[in-house]
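Here is what each chain is made of, one letter per residue.
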Amino acid sequence: MRLDHEFTVPAPLEEVWQAVIDPERVAPCMPGAALTKVEGDSFTGTVKVKLGPISLLYKGSGEFLEKDEAARKVVIKASGKDARGGGTAAATVTVTLRATDDGGTHGDVASDIAITGRPAQFGRGLISEVGGKLLDTFAGNLADSLRADSGAGATPGPAAASAGSGSVSTTQAATAPAAEATAKSDLAEQSAADSAEAGSTAKPQLRSVPSGGSTGETEAIDLLDYAGKSVAKRVIPVAAGAAVLFAVFMIIRALRRR
């Protein structure tokens, strides 16, 4: 089925783009998701899902099929199956970003998905609604993550503070040659290390993620919580109709006894 959603993040386009194309930054923002391995443009991970008392653990993999920086478009293909054989899920997701007038970022998400097993019982309409709410949660988490990164990067260190003061003491002037020599030595060592690393990286970089995924122990997505009001809207009329029929049945039965 084809589903279309959108989201808005109060962060600059470039920051959101860099986060979206990095699995280790974007996965922790998705409810229930955790990474287990990243290798180049491919990754593996898990998604925890709850349907009331029923818990499902989807294990799967994905890859970036396209990263178009000029168009700010990324295409991701992913698939997985429940560890207990309770169903499968596959999706090809296209995310297109654009800057908003207020300096934020708007994202359009087009998903072609196929679901089997218990979650498929929700039907297209409910799946679309739950997907939209999950995306809203994702956007909020992404905004918080970018805000935290921005706050951490904006804190100046002691060296930066002293450099910005515009004054140099006599002691600093005297120790400048020694500092310059040390810096040159460190630069030479770093250059040699970079050259050795460049010669040994013939394959995509493999990054193992700690046990529990990049987000640690993730909390499962409770689909009934996300779909609670919608489920209630569908169940209440049915329950009311059943109650009316039961009442009519009891009245007829009482009349017959007379």
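Here goes a summary of the coordinates provided. Only a predicted model underlies this, so the values are computations on that prediction, with no experimental measurement involved.

Assigned secondary structure in the protein consists of seven helices and nine strands. In the protein, buried positions account for 28% of the 258 residues. When the accessible surface of the protein is summed, it comes to about 15900 Å², and 58% of that surface belongs to carbon and sulfur atoms.

Quick look at the environment of Pro10 now. Topologically, Pro10 is positioned in the loop between strand E1 (2-9) and helix H1 (13-20). Take Pro10: its relative accessible area is 62%, and that puts it in the exposed class. Residues contacting Pro10, with those up to four places away along its chain left out, are Gly104, Ala143 and Arg147.

The full count for this structure, using the stated rule, is one cavity of 30 Å³ or more. A volume near 1600 Å³ is recorded for the largest cavity. Lining the largest cavity are 49 residues, and of these Met30, Val47, Ala78, Ala91 and Val93 lie nearest its centre. For the lining of the largest cavity, the residue count by class is 36 nonpolar, 11 polar and two charged.

Here we come to the pairing of strand E6 (residues 88-99). Sheet analysis places strand E5 (residues 73-82) next to E6, joined by nine bridges and oriented antiparallel. Bridge pairing links Ile76 to Val93 in E6. Following E6, the chain reverses through five residues before pairing antiparallel with strand E7 (residues 105-115); Gly103 in that reversal takes a positive phi of roughly 90°.

On to the side chain of Thr105. Following the sequence through the fold, Thr105 ends up in strand E7. Looking at Thr105, its side chain comes within polar contact range of the main-chain oxygen of Ala11, at 2.7 Å. If near-sequence neighbours (up to four positions away) are discounted, Thr105 is found in contact with Phe7, Thr8, Val9, Ala11, Pro12, Leu13, Val16, Leu97, Arg98 and Thr100.

Bringing the side chain of Arg72 into the picture now. Mapped onto the elements of the fold, Arg72 is located in the loop between strand E4 (54-68) and E5. For Arg72, a relative accessible area of 15% puts it in the buried group. A distance of 2.6 Å separates a polar atom in the side chain of Arg72 from the backbone oxygen of Glu69. Beyond its immediate sequence surroundings of up to four residues, Arg72 is in contact with Leu13, Glu14, Trp17, Val95, Thr96 and Leu97.

What counts and how
Residues numbered from 1 in each chain as written. Predicted model: local features only at pLDDT ≥ 70, side-chain atom pairs only at ≥ 80, totals over all residues. Heavy atoms only, no water. Helix = DSSP H or I, 4+ residues; strand = E, 2+ residues; numbered from the N terminus. Buried < 20%, exposed > 50% of the residue type's maximum accessible area, 1.4 Å probe, protein only. Areas by Shrake-Rupley, 256 points an atom, 1.4 Å probe, with all protein chains shown as cover. Contact = heavy atoms within 4.5 Å. 1 Å grid on protein atoms, 1.4 Å probe; cavity = no way out; pocket = protein on both sides within 12 Å on 5 of 7 lines; lining within 4 Å. Points joined across faces, edges and corners; volume = space filled by probe spheres on them. Nonpolar A, V, L, I, M, F, W, Y, C, P; charged D, E, K, R; others polar. Pairing = 2+ DSSP bridges. Polar contact = N/O pair within 3.5 Å; in protein donor to acceptor, adjacent residues only side chain to side chain.

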